[in-house]
Amino acid sequence: MTGVDVGAVSEEVVALDGVRYAYPGRRRSAERSAAVDGLSLVAERGEMLGLVGPNGSGKSTAFRLMTGRAAATSGTVRVLGVDPSAAGGAIWGRVGVMFQSPAVDPELTVGENLRVHAALFGLGGAWRKRAEALLDEQGLGERRGERVGRLSGGQRRRVELVKALLAEPELLLLDEPTAGLDPEAVRGLWDALDALRAERGLTIVVSTHVGDDAMRCDRVVLMDAGRALATGRPGELVDRSGGDVIRVEVREDGESAEAMSAGGLAWVSDGPTVGGYAWLAREIDAAASVPRIAAALGDRLLRVSVSPPGLADVFSSLRRSAETDQPDEAGAVAAGAGESAATGR
């Protein structure tokens, strides 16, 4: 017995409050670097919450905390009403995890992989009937006797999903679930997840750096350097960020940089391109600004485009604001999302 109360479960399936986690330094005297630093978030029953950010933003560490593989240095972590780092095996069957790295043996058949998983988690004989139903749901009923290594990438991912669902969890954690999948396989995986939520009221937390994946979530937490930059519904974060995105490609020379300043907008680098260099700016009346930009750049302008902002643009704006401590429109979204981060609404 663990001595952990796993009784009543609140509507807050996952709740992190002011969580900090620091990996130890290489030497005993070295400072501990914080992979998660003051992170607060809530995933409510039945919703899909996305942790969105680049590699190194703290998403995987947050997953380690949610699964009990790491204990918070400070702050509190609650999953299904308990501290997962203290619960031991008490919540294992209630949480399903699909890792970014493959967790199925390619030399075993689909059925053999599921049998090994069932034995590890002590699922008893009932797992076979569940496995058959889940494989049929995922279009894998005819593949149960086939070696996993012979399956397509999308099919292997669906085997991972069946494995994660085998114990009938209340919470599903997905770490970069669409990594390495082609567009058709991505659509198939998201369709399967939508069906699971509709049929079973499953709560899902997904980590991703892919904007299209993030837009499928009910709410997202935009993360950078272990902190939450903003929390909210993805469409609302984009709509409230203000302005369209102007992207220009210019000939790579010093005069072009000076001409960009003369255009009257706040430009940020978007990196080198074939034959030039790209810059981005945000502008409310973007279309009206294009003639002014073209006049400032002259024959140094290679091409210009105007597009609505996406989550990646919101993230970049928030990150720049955090670095300069000068909130812009997107920064105001982050400030207004404080209540959402604490309450889950």
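Higher on the page you've got the structure.
Along each chain, residues carry numbers from 1 onward, in the same order as the chain's sequence is written. In view of the model being predicted, local features appear only for residues whose pLDDT reaches at least 70, and side-chain atom pairs are presented and counted only at 80 or more, with totals across whole chains, interfaces and linings using the full set of residues. With hydrogens and water set aside, each side-chain value is computed from the structure's full complement of heavy atoms.

Regarding the pattern of salt bridges
How we decide: When a carboxyl oxygen of Asp or Glu is within 4 Å of a side-chain nitrogen of Lys or Arg, the pair counts as a salt bridge. Put simply, DSSP marks the helices as runs of H or I at least four residues long and the strands as runs of E at least two long, and each gets a number from the N terminus on. Think of it in three bands: residues with accessible area under 20% of the maximum for their type are buried, residues over 50% are exposed, and the middle band is partly exposed, with areas taken using a 1.4 Å probe on protein chains only.
Under the counting rule described, the total for this entry stands at 17 salt bridges. Here Arg20 makes a salt bridge to Asp37, at a shortest N to O gap of 3.8 Å. Taken together, the residues span a long stretch of sequence, with Arg20 in strand β1 (residues 12-23) and Asp37 in strand β2 (residues 33-44) at a distance of 17 residues. The partly exposed category is assigned to Asp37, whose relative accessible area is 24%. Here Glu176 makes a salt bridge to Lys59, at a shortest N to O gap of 3.8 Å. Residue Glu176 is located in the loop between β6 (171-175) and α6 (183-200), and its partner Lys59 is located in helix α1 (residues 59-66); the two are separated by 117 residues in the primary sequence. Its relative accessible area of 4% is what places Glu176 among the buried residues. Linked by salt bridges that have partners in common, Glu11, Arg45, Arg94 and Glu170 make up one network.

Concerning the packing of helix α5 (residues 153-165) against α6
The following threshold applies: Lines fitted to C-alpha atoms define the axes, with helix axes restricted to the stretch in contact, and inter-axis angles between N-to-C directions lie between 0 and 180 degrees. Note on terminology: angles under 35 degrees are roughly parallel, angles over 145 are roughly antiparallel, angles of 65 to 115 are roughly perpendicular, and the others are oblique. Less than a right angle of anticlockwise turn of the near helix away from the far helix marks a crossing as left-handed, whereas a clockwise turn marks it as right-handed. Contact between two residues is taken to exist if any of their heavy atoms lie within 4.5 Å; hydrogens are not considered. In this count, Pro and Cys sit with the nonpolar residues alongside Ala, Val, Leu, Ile, Met, Phe, Trp and Tyr, while Asp, Glu, Lys and Arg are called charged and the others, Gly among them, polar.
Relative orientation of the contacting elements α5 and α6 amounts to 20°, with a least axis distance of 9 Å. Judged by the inter-axis angle, α5 sits roughly parallel to α6. Remark: the crossing between α5 and α6 carries right-handed chirality. On the side of α5, the interface is formed by Gly154, Leu161 and Leu165, while α6 contributes Ala185, Leu189, Ala192, Leu193 and Leu196. The residue makeup of the contact of α5 with α6, split by class, is seven nonpolar, one polar and no charged.

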